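# Coordinate analysis (summary)
Here is how the chains run, residue by residue.
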Amino acid sequence: MISSKEAAEWGSAIMVFASGALAGHYAAVGMTPMQWAGAAAAVLGSVTVAVVVRVWPAKAKASASPHRD
């Protein structure tokens, strides 16, 4: 079974690949400077999401049996 952490990591990696591929394709076709700025922002944004997904600390899980003194 795939965990939500693994799904988030794979999803963010796919997002980086897709945004880079689309930006590269449209750059090859020809873009205006405004479109270049938008493509750069999209690629940088997807890379930021991928880094955050991998660096963000996991939630601490509660123990199954509470300790009693």
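What comes next concerns the included structure. Keep in mind that this is a model prediction, so the values were computed, not measured.

## With respect to a nonpolar patch on the surface
There is a patch of nonpolar side chains on the surface, built from I2, W10 and I14 and spanning about 380 Å² of accessible area. Relative to the helices and strands, I14 is located in helix 1 (residues 4-29). Given a relative accessible area of 54%, I14 falls into the exposed group.

## Here we look at helix 1
Taking 1.5 Å per residue as the helical rise, helix 1 with its 26 residues ought to reach 38 Å, and the 37 Å between its terminal C-alpha atoms agrees with that figure. For helix 1, the set of buried residues is S12, S19 and A23. Turning to helix 1, the residues buried within the fold contact helix 2 (33-55). Looking one or two places after helix 1, you find G30, whose phi comes out positive at around 125°.

## Here we look at the pattern of salt bridges
The tally for this structure, following the rule as stated, stands at one salt bridge. Residues K5 and E9 are paired through a salt bridge, measuring 3.8 Å at the closest nitrogen-oxygen approach. Of this pair, K5 and E9 both sit in helix 1, four residues apart, which is roughly one turn of that helix.

## Observations regarding helix 2
Between the first and last C-alpha of helix 2 there are 33 Å, a value that for 23 residues agrees with the 33 Å anticipated at 1.5 Å per step. Buried residues along helix 2 sit in contact with helix 1.

## A few points about the packing of helix 1 against helix 2
For any two helices packed against each other, the geometry is given by the interaxial angle and the distance between the axes. The N-to-C vectors of helix 1 and helix 2 enclose an angle of 165°; their axes lie 9 Å apart at closest approach. Taken together, the axes of helix 1 and helix 2 are roughly antiparallel relative to one another. Our pair here, helix 1 against helix 2, has a crossing hand that is left-handed. Contacts between helix 1 and helix 2 involve K5, A8, E9, S12, A13, M15, V16, S19, G20, A23 and A27 from the former and W36, A39, A42, V43, S46, V47, V49, A50, V53 and R54 from the latter. Of the residues contributing to the contact of helix 1 with helix 2, the split by class is 14 nonpolar, four polar and three charged.

Quick notes on the rules
- Each chain has its residues counted from 1, running along the sequence as written.
- Local features are withheld for residues below a pLDDT of 70 in this predicted model, meaning they are given only at 70 or higher, and side-chain atom pairs are given and counted only at 80 or more; totals for whole chains, interfaces and linings count all residues.
- Values shown for side chains rest on all heavy atoms present in the structure; no hydrogens or waters enter the calculation.
- Candidates for patches are residues over 30% relative accessible area with no salt bridge; among them, like charges are joined within 9 Å and nonpolar side chains (Val, Leu, Ile, Met, Phe, Trp, Tyr) within 5 Å.
- Working definition of accessibility: Shrake-Rupley area with a 1.4 Å probe, residue cover restricted to the visible protein chains.
- Throughout this description, the term salt bridge denotes a Lys or Arg side-chain nitrogen within 4 Å of a carboxyl oxygen of Asp or Glu.
- Each helix corresponds to a stretch of at least 4 residues labelled H or I by DSSP, and each strand to a stretch of at least 2 residues labelled E; elements are numbered beginning at the N terminus.
- Buried residues are those whose accessible area, probed at 1.4 Å on protein chains only, stays under 20% of the maximum for their type, while exposed residues exceed 50% and partly exposed ones sit between those limits.
- Expected span of a helix, by definition, is 1.5 Å for each gap between consecutive residues, and there is one gap fewer than residues.
- Two residues qualify as a contact provided that any one of their heavy atoms is within 4.5 Å of a heavy atom in the partner residue.
- Axis lines are fitted through C-alpha atoms, for helices just across the contact stretch, and the angle between N-to-C directions can take any value from 0 to 180 degrees.
- Angles are sorted into four bins: roughly parallel if under 35 degrees, roughly antiparallel if over 145, roughly perpendicular if 65 to 115, and oblique for all others.
- Whether a crossing is left-handed or right-handed is set by the direction in which the near helix is turned from the far one by less than a right angle, anticlockwise for left-handed and clockwise for right-handed.
- Gly is put with the polar residues, along with every residue not named as nonpolar or charged; the nonpolar set is Ala, Val, Leu, Ile, Met, Phe, Trp, Tyr, Cys and Pro, and the charged set is Asp, Glu, Lys and Arg.

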